[in-house]
Amino acid sequence: MRQRLILILVNVVIFAGLLAVLEFGARSYQRRRFGPKSLTPAVRMDRWTAWRNTPGFASAAVQHDGQGFRHSAEVTIAKPANTVRIFFIGGSAAYGFDGLYPQLDPDWHRMKNSELVDAYLEAKLTQHHPERRWEVINGSVVEYRMHQELVLLYAHVLQYHPDLVVFMDGHNDMSGL
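Student: It is not clear to me how helix α1 (residues 2-34) should be interpreted in this structure. Could you clarify?
Tutor: Since the α-helix advances by 3.6 residues per turn, residues separated by three or four positions end up pointing in the same direction. With 33 residues, α1 extends 48 Å from end C-alpha to end C-alpha; this agrees with the ideal 48 Å at 1.5 Å per step. Looking at the residues trailing α1, positive phi occurs at G35, about 100°.

So this is what it looks like as C-alpha cells:
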C-alpha cells in the first residue's frame with residue numbers, strides 16, 4: 001500500500017512539474033511575441049465597479065493611459081485652457097472590443113485606439129472647430145453595465161471635469177433581463 005501511495009505521489013509531482021514547465025513556456029513565448037506588458041491583465045479589481053481597465057496596459061492594438069482610460073495620451077485632472085473634454089463611457093462596443101465571432105467578418109481586425117469612435121470624433125471636432133482644443137476620452141470598460149458606468153462616472157470621471165459624457169450602451173444591459 002505504501003509503495004502505491006509513493007507511486008501516486010511521484011506521478012502527481014511529475015504531472016504538476018510538467019504543467020509548470022508548460023505554463024512557463026507559454027508565458028515566455030507570449031512575452032517574446034507581444035512584449036513584457038502583455039502578461040498584465042487588461043482589467044483589475046475595483047472596490048466600486050468590481051473591475052476597471054488596468055492603468056498602463058498595452059498590447060498589440062490596445063493601450064490604456066495611466067488612469068486606465070483607453071486613450072493614447074495621458075489625461076490630466078486639470079483641464080487645459082480652451083479645452084472641451086468629452087468622455088465616452090460604455091461596455092465592449094464603446095471600448096472597441098472584438099465581437100464574439102470574428103470568423104464571420106473577413107475584414108475583422110483588433111481595433112487600435114486610433115480607430116475608435118472617440119478618436120474619430122476628436123479628429124472631426126478638431127477639423128471643424130480648430131479654435132478649441134478637443135479631448136475625447138474613452139472611459140469604457142468591457143462587459144460594463146449601466147450601474148457600473150454610473151459608479152465609474154461618480155467615483156473617477158467627474159474629477160476630470162468633463163463638459164459632456166456620452167453613454168454608449170446596449171447588449172450588456174439587455175442581456176440581464
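Student: Honestly, the packing of aromatic side chains in this entry has me stumped. Any pointers?
Tutor: All told, the structure shown has four aromatic pairs when counted by the stated rule. Between F69 and F87, the ring centres sit 5.2 Å apart and the planes meet at 70°, which makes this aromatic pair edge-to-face. With F69 in the loop between β2 (50-53) and β3 (83-90) and F87 in strand β3, this residue pair connects regions lying 18 residues apart in the sequence. Owing to a relative accessible area of 2%, F69 belongs among the buried residues under this scheme. With relative accessibility at 0%, the residue F87 sits in the buried group.

Student: Which parts of the structure should I look at to understand the pattern of salt bridges?
Tutor: Side-chain pairing between opposite charges can occur once the charged atoms of the two side chains come close. A complete count under the given rule lists five salt bridges for this structure. The salt bridge partner of E135 is R85, with a shortest N-O separation of 2.6 Å. Placement of the pair is E135 in strand β4 (residues 133-138) and R85 in strand β3, with a sequence separation of 50 residues. Salt bridges sharing common partners tie together R85, R133 and E135.

What counts, and at which threshold
- Residues numbered from 1 in each chain as written.
- Predicted model: local features only at pLDDT ≥ 70, side-chain atom pairs only at ≥ 80, totals over all residues.
- Heavy atoms only, no water.
- Helix = DSSP H or I, 4+ residues; strand = E, 2+ residues; numbered from the N terminus.
- Expected span 1.5 Å × (residues − 1).
- Phe/Tyr/Trp six-rings, centres within 6.5 Å; stacked < 30°, edge-to-face > 60°.
- Buried < 20%, exposed > 50% of the residue type's maximum accessible area, 1.4 Å probe, protein only.
- Salt bridge = Lys/Arg side-chain N within 4 Å of Asp/Glu carboxyl O.

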